[in-house]
Amino acid sequence: KKMTTEKTNKTDVTIIGWHFHIYFFPNNRQFLREIQEVAKEAEERWGKYGVYVKISPQPIGPHSLPMLEICVSDPAKKEQNYKLFPEIFAYVQMNLDMNKFPTMIHPVTHPFKNTEMYEDHVKRAFWGGNKQLLNAEIILDL
């Protein structure tokens, strides 16, 4: 069977960057300390490149748990985002117990278009550890 290289609408979508959502349980002080250490190291390693690192101590948007967010998605730095992604991915994969800290990684294809943000969170995301509940429909209302 011959493979096709024809583009479809779905493959025409361009990945600008990625978001790493690292979830934690809010009532566990040890988990929070570990997340704070990871956030500090991430900021030290990648903050100088404009990578956004933030701990959200409460659920926010479609996310049902507090999280550490590492965003390598500045549209003006797409080439750099592509170079940093494997490094950040490897760091998260090798330094976090994803059974303790479930992690969702999704592409950012269009940061200001609700339907693409929904697709990024729901259909294009991949998970390390247990998949967490998302209230993704809220994205469509933004």
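If you're wondering where the values come from, they're calculated on a predicted model, not measured in any experiment. In this numbering scheme, every chain counts its residues from 1 along its sequence in written order. Two thresholds apply to this predicted model, a pLDDT of at least 70 for residue-level local features and 80 or more for giving and counting side-chain atom pairs, whereas whole-chain, interface and lining totals are computed over all residues. Each side-chain value is derived from all of the structure's non-hydrogen atoms; neither hydrogens nor water enter the calculation.

Q: Even after reading the chapter, I still don't get the overall build of the chain, so can you show me in this structure?
A: Where helices and strands are cited, they refer to DSSP runs of H or I of at least four residues and of E of at least two residues respectively, numbered from the N terminus. When helices and strands are tallied, the chain shows four helices and five strands. Starting at the N terminus, the α and β elements of the chain follow one another as β-α-β-β-α-β-α-β-α. Over its C-alpha trace the chain gives a radius of gyration of 16 Å, about what one expects of a compact globule, namely 14 Å for 142 residues. Taken over the C-alpha atoms alone, the chain extends approximately 50 × 35 × 30 Å along its principal axes. With the radius of gyration taken over C-alpha atoms, the globule rule is written as 2.2 Å times the number of residues to the power 0.38.

Q: Where do I start with the packing of helix 1 (residues 29-46) against helix 2 (residues 78-95) in this structure?
A: Each pair of packed helices can be summarised by the angle the axes make with each other and by the distance between the axes. Think of each axis as a best-fit line through the C-alpha atoms, taken over the contacting stretch in the case of a helix, with angles from 0 to 180 degrees between the N-to-C directions. For the pair helix 1 and helix 2, the least separation of the axes is 12 Å and the interaxial angle reads 155°. The orientation of helix 1 with respect to helix 2, classified from their angle, is roughly antiparallel. Crossing angle aside, the handedness with which helix 1 passes helix 2 is right-handed. In contact with Val38, Glu41, Arg45 and Trp46 of helix 1, helix 2 contributes Leu84, Glu87, Ile88 and Tyr91. Residue composition of the contact of helix 1 with helix 2, by class: five nonpolar, no polar and three charged. An angle below 35 degrees is treated as roughly parallel, one above 145 as roughly antiparallel, one from 65 to 115 as roughly perpendicular, and anything else as oblique. Working rule for handedness: look at the near helix, and if it is turned counterclockwise from the far one by less than a right angle, call the crossing left-handed; if clockwise, right-handed. The contact definition used throughout considers only heavy atoms, calling two residues in contact when any of these lie within 4.5 Å. The classification used treats Ala, Val, Leu, Ile, Met, Phe, Trp, Tyr, Cys and Pro as nonpolar, Asp, Glu, Lys and Arg as charged, and all other residues, Gly among them, as polar.

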